[in-house]
Amino acid sequence: MTDRAESLVLERLRAVEWDGDWYDVLGHVMSRRLLMREYLRRAGMWAQAYSAEAMWPFFDVVEYVDPDFPPAPEVAAQLWEWLPRIIVVSPIKRTCTGAVRLAELRARHPDALPDLPDLYEPLLLFYERGGAFLQDHAGFLDLTGVLVRPGTLVGRVAGPPLISLDSALFDAVDAEGRITYYTAADRQGPVLRRRAVRSVPYDEAFGRDSLRWEPTGTQLPASPEKAAELGVVWLDEMEAAALIWAAMADAKQ
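Rules used throughout
- Residues numbered from 1 in each chain as written.
- Predicted model: local features only at pLDDT ≥ 70, side-chain atom pairs only at ≥ 80, totals over all residues.
- Heavy atoms only, no water.
- Helix = DSSP H or I, 4+ residues; strand = E, 2+ residues; numbered from the N terminus.
- Rg over C-alpha atoms; globule rule 2.2 N^0.38 Å.
- Buried < 20%, exposed > 50% of the residue type's maximum accessible area, 1.4 Å probe, protein only.
- Areas by Shrake-Rupley, 256 points an atom, 1.4 Å probe, with all protein chains shown as cover.
- Lys, Arg positive; Asp, Glu negative; His and termini not counted.
- Charge placed at Lys NZ, Arg CZ, Asp CG, Glu CD.
- Phe/Tyr/Trp six-rings, centres within 6.5 Å; stacked < 30°, edge-to-face > 60°.
- Lys NZ or Arg CZ within 6 Å of the ring centre and 35° of its normal.
- Pairing = 2+ DSSP bridges.
- 1 Å grid on protein atoms, 1.4 Å probe; cavity = no way out; pocket = protein on both sides within 12 Å on 5 of 7 lines; lining within 4 Å.
- Points joined across faces, edges and corners; volume = space filled by probe spheres on them.
- Nonpolar A, V, L, I, M, F, W, Y, C, P; charged D, E, K, R; others polar.
- Salt bridge = Lys/Arg side-chain N within 4 Å of Asp/Glu carboxyl O.
- Core = buried A, V, L, I, M, F, W, Y, C linked by side-chain atoms within 4.5 Å.
- Contact = heavy atoms within 4.5 Å.

Visitor: So what exactly am I meant to see when it comes to the overall build of the protein chain here?
Guide: A tally of helices and strands in the protein chain yields 10 helices and eight strands. Rg of the C-alpha trace for the protein chain: 20 Å, near the compact-globule value of 18 Å for 253 residues, within the 12% margin. A principal-axis box enclosing the C-alpha atoms of the protein chain has dimensions of 60 × 40 × 35 Å. Residue burial in the protein chain is summarised as follows: out of 253 residues, 47% are buried. Only carbon and sulfur atoms are counted for the fraction: they give 53% of the accessible area of the protein chain, which is about 12700 Å². Placing the 27 positive and 38 negative side-chain charges of the protein chain at their respective mean positions leaves the two points 4 Å apart.

Visitor: So what exactly am I meant to see when it comes to the packing of aromatic side chains here?
Guide: We describe a pair of aromatic rings using the distance from one ring centre to the other and the angle between the two ring planes. Counting across every chain of the model gives 12 aromatic pairs. Here the aromatic rings of Phe126 and Tyr127 are separated by 5.9 Å at their centres, their planes lie at 70°, and the arrangement is edge-to-face. Looking at Arg32, its charged tip hangs above the ring of Phe126, at a distance of 3.9 Å from the centre.

Visitor: I'm lost on the pairing of strand β5 (residues 192-197) in this one. Help?
Guide: Looking down a regular strand, the side chains alternate between one sheet face and the other. The element β5 is extensively covered by neighbouring structure, given that six of its six residues are classed as buried. Linkage of β5 to strand β6 (residues 200-206), two consecutive antiparallel strands, is achieved through a turn of two residues, within which Arg198 is found at a positive phi near 50°.

Visitor: Looking at this model, I keep getting lost on the layout of surface pockets. Mind explaining?
Guide: One simple way to see leftover space: roll a probe sized like a water molecule over the atoms. Taken as a whole, the largest pocket holds about 550 Å³ of empty space. What lines the largest pocket is a set of 24 residues, and nearest its centre among them are Val29, Met30, Gly177, Arg178 and Ile179. Of all the elements in the fold, those that place two or more residues in the lining of the largest pocket are α2 (22-26), α3 (29-49), β4 (178-184), β5 and β8 (232-235). Tallied by class, residues from the lining of the largest pocket come to 13 nonpolar, four polar and seven charged.

Visitor: Which parts of the structure should I look at to understand the pattern of salt bridges?
Guide: Pairing between side chains of opposite charge can happen when their charged atoms approach one another. Inspection of the entire model under this criterion finds 22 salt bridges. In this structure, the salt-bridge partner of Glu74 is Arg4, at a minimum N-O distance of 3.8 Å. Residue Glu74 is located in helix α5 (residues 73-86), and its partner Arg4 is located in the segment before α1 (5-15); the two are separated by 70 residues in the primary sequence. For Arg4, a relative accessible area of 30% gives the class partly exposed. The residue Arg37 makes a salt bridge to Asp236 at a minimum N-O spacing of 3.1 Å. In this pair, Arg37 is assigned in helix α3 and Asp236 in the loop between β8 and α10 (237-252), connecting sequence segments 199 residues apart. Overlapping salt bridges, with partners in common, bring together Arg33, Arg37, Asp236 and Glu237 in one network.

Visitor: Would you explain the nonpolar core in this entry?
Guide: Generally speaking, soluble globular proteins have nonpolar side chains that are buried together. Within the largest apolar cluster, 69 residues are counted, with the highest numbers of intra-cluster contacts made by Met36, Tyr127, Tyr181 and Ile244. No other element matches α3, which puts 10 residues into this core. Dropping the residues within four chain positions of it, Ile244 is found in contact with Leu169, Ala172, Val173, Tyr181, Val191, Phe206 and Trp213. With six residues, the next largest nonpolar core counts Tyr182, Ala205, Leu220 and Ala227 among its residues.

Right under this line is the structure:
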């Protein structure tokens, strides 16, 4: 296979462990939640740019950017030889196809694309960190270990962006257990988290010096509703990720 952009994307997809180990996937729940949220946000932006709102969130955007765009025969043949054998979930088929085709379109006609963040990169990273997702009949996305409601296109576009797609950030947020983030009420302290692992709480802080999670030595709230009682505020996971990344960036300076 050549080193063309579309070939490299196809190589990444073929390397995914689509039916990965359950416990390994559970260890990446937090990063996969963040990546799916970011994909939904970007998909909304691209759908608005090309009047594809009805197809949001899982679509092949090249069908709207350039419906007559001819894919490279070699890569197209490899994609369609591999895809039906491995992937059965339609939204995943569409986004895998879209990721390969958009990479080829960008490489051949970069000026034809809008100044928008890369549509499929968060989803590619999502797949690489644990494989597939499912959609249930109630409209939820099953990310293996957590259910996420897609929400609305407008709501997702208005939501906060994921500050970075660096693997170091994803490794920092991933951990066993159900996680709730906090910080000091004045928002001047470190990111705090409570991890509940089989009902056992672990209260931790992300140290700016060590760049790792360490015991806080103090008790964090059992729920966001009790945050004020202990002088902290609840953080959305996107805001927590931004603060963690800021600490990492400061350490590099």
